[in-house]
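In case you want the letters, here they are:
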Amino acid sequence: MLAYCLAPKVTDMAHSWWEIRVVCDLNLEETVFWRLENFGFRGTASQTKHQSCLICAYLPEEQAHLLDLAALSILLRQDALCMEMSIPIVQWDLIDEEDWSSSWKQHWEPTEIGDRFWIYPAWLTPPENSDRLILRLDPGVAFGTGAHATTQLCLESLEMRLGILGENPITVVDIGCGSGILGIGAILLGATQVYGVDTDPLAVRSANENRDLNHISPEQMISEVGSVEELIKRAKGPVDGILCNILAEVIMDIIPQLDCLTKPNSWGVLSGILLEQAKPIADLLEQHGWIVATLWKRQNWCCFNIRRS
Ligand SMILES: C[S@@+](CC[C@H](N)C(=O)[O-])C[C@H]1O[C@@H](n2cnc3c(N)ncnc32)[C@H](O)[C@@H]1O
């Protein structure tokens, strides 16, 4: 499966990129992602085969020297040793931006998600008549193509939540909006207003571009750089739904801050959580007045559907 796909854009400054490739045990995948993210890699893709996975990630050439990459490789090796897993194979190359973009486009195909969505790459012409909701995307450097299990679980949860809408307007916040895929999905399903935030300015740019691509007005979907504090300012009061697909460690920090955004019947979809991290998250949610309605699982990931009452 192709996952976590992000493409550098022609408008970015760099002309050459470091491509790093890590083949590792599937159970090391999360740690490798964490290391790469901390190092500054932005574009990350993974393919899973049986018990191992290939992770590719990208970084502008000028942001790392060979020695830095060698040091990163040693850290990955140490992680594997500490976790008693096989040593990952780490390789890197400098690649041309044009080569990258064209190979990226070859890899990514329209993807059906759940019963309602069809994720369509921006550079392909979508069919005119489709029973599905067509969500067009060019993720740029942001996370969120719909290929990753964590995103799929969120979109499927949204289908369930927003499938039968009443008369009332629905406001949703999207914490860690990435490409904007979840916010756009929420609007296609009938949400009236979406506020998105992401700590990565390039993700916010991508969310705004994808909003335009899907003919959603800038008033209906507002994306800003920041996190929960920015949402509290923007949303000016409690909201109906909270979407958050970030890693468990970040979600643990975010849960206590959600009180300001919730009303008695608010609901939430929390994803990006590994199965073994589910228990502490469930305990924390309970402490903060949330009920875990359902827990959905795909591969090693789980997604919490929560509600206030
Ligand atoms: C896994 S991606 C999710 C993207 C998209 N929402 C999806 O479901 O595919 C997580 C995003 O959260 C952002 N992020 C990480 N920590 C954050 C925080 N504390 N507040 C807001 N965004 C954050 C990252 O920059 C990244 O774009």
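Residues numbered from 1 in each chain as written. Predicted model: local features only at pLDDT ≥ 70, side-chain atom pairs only at ≥ 80, totals over all residues. Heavy atoms only, no water.

Under an unreviewed UniProt entry, the name given to the chain is Ribosomal protein L11 methyltransferase, and the source organism is Limnospira maxima CS-328. The record in UniProt for the chain states the following under Subcellular location (unreviewed entry): "Cytoplasm". (UniProt positions renumbered as here; feature names shortened; annotations may be inferred.)

As a further point, take the packing of helix H4 (residues 149-162) against helix H5 (residues 181-188). The contact between H4 and H5 brings their axes to 10 Å, and the two run at 20°. In terms of axis orientation, H4 runs roughly parallel to H5. In terms of crossing hand, the pair formed by H4 and H5 is right-handed. Two secondary-structure elements touch here, H4 through Thr151, Cys154, Leu155, Leu158 and Leu162 and H5 through Ile181, Leu182, Gly185 and Ala186. (Axes fitted to C-alpha atoms, helices over the stretch in contact; angles between N-to-C directions. Helix = DSSP H or I, 4+ residues; strand = E, 2+ residues; numbered from the N terminus. Parallel < 35°, antiparallel > 145°, perpendicular 65-115°, else oblique. Left-handed = near helix turned anticlockwise from the far one by under 90°. Contact = heavy atoms within 4.5 Å.)

Contact geometry for helix H1 (residues 29-39) and helix H2 (residues 66-82): axes closest at 11 Å, N-to-C directions at 155°. Classified by the interaxial angle, the pair formed by H1 and H2 is roughly antiparallel. Crossing handedness for the pair H1 and H2: right-handed. Residues Thr31, Val32, Arg35, Leu36 and Phe39 of H1 lie in contact with H2, whose contacting residues are Asp68, Leu69, Leu72, Leu75, Leu76 and Asp79. Classifying every residue of the contact of H1 with H2 gives seven nonpolar, one polar and three charged. (Nonpolar A, V, L, I, M, F, W, Y, C, P; charged D, E, K, R; others polar.)

Here we have seven strands laid out as an open sheet, ordered S11-S10-S9-S12-S13-S15-S14, and mixed in their pairing. Both edges of this open sheet fall to strand S11 (221-225) and strand S14 (291-298), since each of them pairs with a single strand only. Taking each pair of neighbouring strands and ignoring which way they run, the sheet shows an average axis angle of 15°. Pairing geometry for strand S10 (residues 193-198) and S11, over five bridges, is parallel. Pairing of Val197 across the sheet is with Glu224, part of S11. Sheet contacts for helix H9 (residues 278-287): strand S13 (262-274), S14 and strand S15 (301-307); angle to S15, the most-contacted strand, approximately 10°. (Pairing = 2+ DSSP bridges.)

This brings us to the nonpolar core. Judged by nonpolar contacts, the single largest core of 33 residues is most densely connected at Phe117, Ile119, Leu155, Leu158 and Leu162. Breaking this core down by element, the ones donating at least two residues are strand S7 (117-121), strand S8 (133-137), H4, H5, S13 and S15. Broken down by element, the residue count for this core peaks at six residues, all from H4. In contact with Ile119, other than residues within four places in its own chain, are Trp108, Glu109, Pro110, Thr111, Ile113, Leu135, Leu137, Thr145, Leu155 and Ile181. (Core = buried A, V, L, I, M, F, W, Y, C linked by side-chain atoms within 4.5 Å. Buried < 20%, exposed > 50% of the residue type's maximum accessible area, 1.4 Å probe, protein only.)

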